[in-house]
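Spelled out, the chains give:
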Amino acid sequence: MVTDWLIHAGLVALYLFLAMVIGLLFMGIARKITARIQNRVGPPIYQNFLDLGKLLAKKTNIKHNWIFDFAPLFGLGGVLLILAYLPMGGYIMLSGQGDLILLLYILAIPALGFALGSGASGNPNAGVGVMRALTLMLSYEMPFLIVILSLMIFYNTASLSVLLQKQMNYLWGIAALPISALAADIALQGMMAEKPFDIPIAPHEIASGPLVEFGGKYLGLLMLYSAGSIVVETSLFVDLFLGGGIVLNPTVYGTLAYFVNYLVWLALIFVVWMIAIFVNAVFPRFRIEQAFKFYWKWPTVIAIAGLVQAYVMSVFLGVVP
Amino acid sequence: MDALTLFGIFVLLPLVGALVSYFGKKYAPIIAVIFTGISGIFLYLWYGNFGSYTIDIGVKLNLTFDITTWFFMLMMNTVIFSSLLFSVSSKLKRAGGFATLMLLGFAGANGVLLARDFLSLYLFWELMSWSIYLLVLRTSGEYARRYLLFGVLSAYLLIMGIGIIYYYTGSFLYADALSGAIPHAIWPWILTFLILGFGIKMAIVPFHVWAPYAYSSEQPFVAFLSGGLSKLGAFGIFMSMYSIAGISLLQSFGTFRGVSLMGYPFALLGAATAFIGTILAIFQDDIRKLLAYSSIGQLGYVMIGLGLGTPLAIGGAMFHAFNHAFFKSLLFLGAGAVIYRTGKYKISEMGGLGYRMPFTFMFVLFAIFALAGIPLTSGFISKWMLYEAAISRKFVIVAPLMLIASVGAYLYSYRILYGVFLGQLKDEDKNVKEAPGPMLAAMFILMVPLVIFSIVPGWILGWINKILVENGIGKLNYTTFSYSSAIGGANMAVFWIAFILLLIFAMLMFMAKKARVVDQYDNYLAGEAPPSVALHAAHNYYKPLRDTWAPLLKHSIDRAYEKFSKFFAGGFYEIKRIYTGNPQDYAAYLGIAFLAFLLVGWWLLW
């Protein structure tokens, strides 16, 4: 019993560590690819590891007050908590102990901690940045929540682990609910705050917004937070629509299945991340009110169409996945 | 225990306290705290000591002390205790009158909760309602009139419902309503009148317009009004739908996927309330108005749960009412502490107070966690129950409105946190001190249950489950640490252990290097060096969002009512013009009236 728990905890720690490494690597790859699209050379793909090492090793660290510390603490702790509740490569970790709604609300913990810390810096740019981030959140959550609702109605479950199981046995979400998947991917662009929705951090307008006052270890830990967030957001899409990358049934193939599924999952989140990066590389930035109007118009209409599809299929046609 | 003891402790004792504290001068709040404390102690002692007592004094009256009453009394008592404790140090003008009216309201509220007959319900309801009116009147006659208008409307609607029941049954007892004397077709009217009458106290859209004004009165009172008394609306709706009418009667009006058609429209109304209240709260700059609209929105959630009427939904509504009682009164008291120390109401004029009032900030932060539904407090669990109740029955209109309103709650929550407690400290607030001890104690008392019930939700779910079972609604699925629905579930013990372990890990990484503290003006401004410009970016905080909503915000229910009243006032002005002051005109009116009567009488007799 106790050894089981310890093995489980050790595996979770390993997955969390790998997620952080993947996140940092993805950031590096994104920088390289964006540079190549824009006809620059770009930094090497391991650049973000060097940056992280440098930031964490800095001797001078500056803070404004005790609330300022909330940002790195809740940012890093919270993002690890989300990752622990998110199945990665079919390994469900804690997500048997908490469903999608819990996950949606845990998603707010690091964001809120970050917002508290940056608000406490007293820099007006940070205040404006958080305002934009929250407005953007209200914008993209409208289609995203409707999409999640369609999934929950169609698969008749709120639990991520059950959702993965049903996708494995029936059809992946993207095949069953393609319209919702489209809306979800548009919402994902805003959730990742990539162009055209990088309004909250807009480096040329508000000096990186919420991040403006952080430096040294604070920035280092927040870099880990954003690395984790990349994995969280891409993996959320993969878990919801791409079956979590499960191609081999773990009950049949055992450890091999976990290994293969992990690689498939990695490939899938890479694809999702690349879509976001390609869009990011060629688009200019919306203003925040444009983003709000955009999200509450087209993606919401698409999401509602997806909801209608899910509703008709599950209620009127009686499709039971 | 008999009826008199019950009545004595929960109704007469506060009334005596009201009398005593009137003469207490500046000690009045302390006296009132002691009286509420005594009835609170009895409330804790008498848990499980339930009973129902019918008294015949010409008409049959009934007092019942059961788990439902106990649960609501628990909120009521804790909230008024903390509010009065808060008012001990808030130096109110005419504190004697304040404490007296608060205790009168408390006695009325307890009476409403104990009553199981319409006569005493109505009497105590009016006692409560009028003491609120007088308490609002202490701040502003205009606000009080607005409250009074809706208070009277609520009373009329209740009287209509009660009157119809009495007409058919000839008895005031709740229990007699279901005896079969009332025709089936009449029930929808009764229920609509009662639900709307009670719903006005919950500030359900479109009857919410009194709330932002009434909630701008003295904070300790508003904490009790929003946290405690507004729950009487929820209690009343619960009683009329699930105790007086009962679930089988509701189901007999037809169902929509297992939800009564009598309840579903009210769930929709609740969803609209949650959405509208939240959107309006985002744009408020006055902290009291912001909290008022937030309160409207949150009670919309309670309405949704009561309307849907599945065990999970009603359980969620009860739990959310409980959470709301605690976190909203905590927020009002926190706002009260800030207003007490700075004398300002506008969020944009404050800023940086979290560094000067760290404890107030922490308490408010926990309340905000509960409001936003962060799982670190029990606020999450009640929202979870309501969502799962809606989603598991596939309600595609109610669920998205609830979910998006909850995201909107992040926006206004952060407006409070940033505008009041974070950002730059103003020069004139440099010497602001932490709130006085009693205020902190009051806020602490309200914070404790929010955290406890997040770790051990099984305790409170046990009480709620008892309420549901006793009223024949069904039961919840829960253990000490976890809870589940047909489609999902969560375990709070796992959550807390994972959270604490990962937070410790983050802290270890964080503690590795020391940091130097710098001044708030020592920050990056892209080379600009403004000498004395206000750099607290809290003025018109959500301006871009407000601009996009402007075409919709033009239409306001508030203004619609005002136009309505102006129309009538104009009409009355026209009617007034018949008083010309000329005796010949009056003689002519008399002649015309005589002729009219003659004609009508003639026609009637023919």
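In this convention, every chain numbers its residues from 1, walking through the sequence in written order. Whichever chain is written first is A, and whichever ligand is written first is 1; the rest continue in order. With pLDDT at 70 or above as the cut-off, local features in this predicted model cover only qualifying residues; side-chain atom pairs require 80 or more to be listed or tallied, and sums for whole chains, interfaces and linings still use all residues.

A closer look at the overall build of chain A
Strands are runs of DSSP state E lasting at least 2 residues, helices are runs of H or I lasting at least 4, and numbering of each runs from the N terminus. Secondary structure assignment for chain A yields 14 helices and one strand. Computed over its C-alpha atoms, the radius of gyration of chain A comes to 20 Å, within 12% of the 20 Å expected for a compact globule of 321 residues. On the principal axes, the C-alpha backbone points of chain A span a range of 60 × 50 × 40 Å. Using C-beta atoms placed from the backbone, we call a residue buried if 20 or more other C-beta atoms fall within 10 Å of its own, exposed if 12 or fewer do, and partly exposed for counts in between. When burial is assessed residue by residue, chain A has 60% of its 321 residues classed as buried. A pair of residues counts as a contact when their C-beta atoms, built from backbone coordinates, are within 7 Å of each other. Considering only residue pairs separated by 6 or more positions, chain A has 80% of its internal contacts joining residues 24 or more positions apart. The globule rule used for comparison is 2.2 Å times the number of residues to the exponent 0.38, while the radius of gyration itself is calculated over C-alpha atoms.

A short note on the overall build of chain B
Along the backbone of chain B there are 23 helices and eight strands. A compact globule built from 606 residues should have a C-alpha radius of gyration of about 25 Å, and chain B, at 26 Å, falls within 12% of that. Expressed along its principal axes, the backbone C-alpha trace of chain B runs to roughly 100 × 65 × 55 Å. The buried share of chain B, taken over its 606 residues, is 56%. Here the contacts in chain B between residues at least 6 apart in sequence split such that 78% fall between residues at least 24 apart.

Things to note about the environment of Asn65(A)
Mapped onto the secondary structure, Asn65(A) falls in the loop between β1 (62-63) and α3 (70-85). On the basis of neighbour count, Asn65(A) is assigned to the partly exposed category, with 19 C-beta atoms found within 10 Å. The spatial distance from the C-alpha of Asn65(A) to the C-alpha of Ala120(A) is 7.3 Å, given a sequence separation of 55 residues. Residues in contact with Asn65(A), not counting those within four places in the same chain, are Ala120(A), Tyr355(B) and Val517(B).

Re the packing of helix α1 (residues 2-37) of chain A against α3(A)
Residues and elements named next belong to chain A. Angles run from 0 to 180 degrees between N-to-C directions of axes, and those axes are lines fitted to C-alpha atoms, restricted for helices to the stretch in contact. Here α1 crosses α3 at 115°, and the two axes come no closer than 10 Å. The two elements α1 and α3 meet at a crossing, and its hand is right-handed. Contacts between α1 and α3 involve Val12, Leu16 and Ala19 from the former and Leu80, Leu83 and Ala84 from the latter. Each residue is assigned to one of three groups, with Ala, Val, Leu, Ile, Met, Phe, Trp, Tyr, Cys and Pro labelled nonpolar, Asp, Glu, Lys and Arg labelled charged, and all others, Gly among them, labelled polar. Of the residues assigned to the contact of α1 with α3, the class counts are six nonpolar, no polar and no charged. Two helices that cross are described as forming a left-handed crossing if the nearer one is turned anticlockwise from the farther one by less than a right angle, and a right-handed crossing if clockwise.

Some thoughts on the domain arrangement of chain B
You'll often see interface size given as the accessible area lost when the parts meet. All names here are of chain B. Split by domain assignment, chain B resolves into domain 1 (1-220), domain 2 (246-513) and domain 3 (571-606). A domain assignment, automatic or from a database, supplies the domain bounds used here. The gap between the C-alpha centroids of domain 1 and domain 2 is 24 Å. With eleven residues, the single largest contributor to the side of domain 1 that touches domain 2 is helix α3 (residues 67-88). Along the lines of polarity and charge, the residues of the side of domain 1 that touches domain 2 split into 20 nonpolar, ten polar and one charged.

Some details on the interface of chain A and chain B
Opposite the 65 residues of chain A that make contact, chain B presents 63 residues. Only β1, α3, α4 (100-106), α5 (108-120), α6 (124-155), α11 (216-241) and α14 (288-316) of chain A provide two or more residues apiece to the side of chain A that touches chain B. Top contributing element to the side of chain A that touches chain B by residue count: α6(A), with 16 residues. Residue composition of the side of chain A that touches chain B, grouped by class: 42 nonpolar, 16 polar and seven charged. As defined by bridge partners, β1(A) adjoins strand β8 (residues 516-517) of chain B across two bridges and the pair is classed as parallel. Bridge pairing in β8(B) links Ile62(A) to Arg516(B). By definition, two strands form a pair when at least two bridges between them are found by DSSP.

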